[in-house]
Amino acid sequence: MDVQSILGQRGHKLLVLDNYRYYKLRYVKNTGEVCWRCSTRGCTAKLYTEGDSDIGIRIKGQHCHASDSERMLARRAINNKLRNTIINEQRLLENSSNSLHSQLTSDTEGIETLTPRDIIYIGDNLNRAKLIVVPKSAEEVHQYINSVPINTVQNENFILINDELLNIIVFSCDTNLEFLCAQPTLYVDGSSDRCTEYFLELFVIFGIENKGYVPLAFCVLKNKEMETYSGLFRLVKRKCEEKGLRLEPDSIVMNLDAEMQKGAREVFPDADILVYCLQLAQDW
């Protein structure tokens, strides 16, 4: 019997024989065989194999439905393999289109039967699979960031700070820090509308280059209190010192938020605090 194995939607092994899919039902104690039942609901056809191997011995019963087409089997096999990879390895940051292209390139069996609609179906399923492993709290966000490498296109680490105590996450890199420390004036701005879930504010530190604002650090904050702002500035300053840099701006331009101003003054007492009325976030 020409038995093949594929992954099911939940990551369990399925056997395929004559384009019918079977899931493991039970062990047969007396014979050492394994009984596999047709995966179509209501069908009682069974396949028996030698233990857990893919060697088919016999079939019992008749199928009450038509077998899957080669196209459907190929779509299920590719979809389930990529879906389980995303869930098991928590590949939230990987582009679904790139994952699908890599799989189609490396595993060409049956892909000639796929249609453009099948490709769209698989891509949509991969995006839905990511929702299963999306962090459900701020604590899970910190844990996820600690577990995966996030790099820039120049292969620099893009996770500058991931402080679970203060609930502060800063995305930046060494190149940005060097540029930041060379700036005589820092421009900072925050936006609640653009912040990720479980946090309150996306706070951005800008520099100036060619008469335009350049975002140098993206900071995710849990609230808009003075202690959080001062903690952020202190963490960024300390990170610069660890890399042999000095963050001592002559002035800091920010909005009218009193808590933000207090936090900046606590860490940079010698810097002039300049206030503007419009949000910098409107310009980037």
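Quick caveat: nothing in here was measured; it's all calculated off a predicted structure. (Residues numbered from 1 in each chain as written. Predicted model: local features only at pLDDT ≥ 70, side-chain atom pairs only at ≥ 80, totals over all residues. Heavy atoms only, no water.)

Taken N-terminus to C-terminus, the directions of helix 6 (residues 226-242) and helix 7 (residues 258-267) make an angle of 40 degrees; their axes are 7 Å apart at the nearest point. Relative to helix 7, the element helix 6 lies oblique. Both helix 6 and helix 7 take part in a crossing whose hand is right-handed. Within the contact between the two elements, helix 6 uses Met226, Tyr229, Ser230, Phe233, Arg234 and Lys237 and helix 7 uses Glu259, Met260, Lys262, Gly263, Ala264, Glu266 and Val267. (Axes fitted to C-alpha atoms, helices over the stretch in contact; angles between N-to-C directions. Helix = DSSP H or I, 4+ residues; strand = E, 2+ residues; numbered from the N terminus. Parallel < 35°, antiparallel > 145°, perpendicular 65-115°, else oblique. Left-handed = near helix turned anticlockwise from the far one by under 90°. Contact = heavy atoms within 4.5 Å.)

Right, let's talk about the sheet that holds strand 2 (residues 13-17) for a bit. If you walk across this open sheet you meet the six strands as 1-2-3-4-5-6, and the pairing is antiparallel. Looking at strand neighbours, the two that pair on one side only are strand 1 (4-7) and strand 6 (56-60), the edges of this open sheet. Strand-to-strand twist in this sheet, taken as the mean axis angle between neighbours without regard to direction, amounts to 35 degrees. Inspection of the sheet shows strand 3 (residues 20-28) paired to strand 4 (residues 33-38) by six bridges, in the antiparallel sense. Of the residues in strand 4, the one forming a bridge with Val28 is Glu33. (Pairing = 2+ DSSP bridges.)

Attention shifts here to the nonpolar core. If you look at the biggest cluster of nonpolar residues, it comprises 30 residues, and the most contacted ones within it are Phe203 and Ile252. At six residues, helix 6 tops the list of elements feeding residues into this core. (Core = buried A, V, L, I, M, F, W, Y, C linked by side-chain atoms within 4.5 Å. Buried < 20%, exposed > 50% of the residue type's maximum accessible area, 1.4 Å probe, protein only.)

In this section: the pairing of strand 3. Bridge count for strand 2 against strand 3 is four bridges, and the pairing is antiparallel. Within strand 3, the residue paired with Leu17 across the bridge is Tyr20. Here strand 2 folds back onto strand 3, and the loop between the two strands holds two residues, one of which, Asp18, carries a positive phi near 55 degrees. Here strand 3 folds back onto strand 4 in antiparallel fashion, the turn holding four residues, of which Gly32 has a positive phi close to 80 degrees.

So yeah, pure geometry; function would need other evidence.
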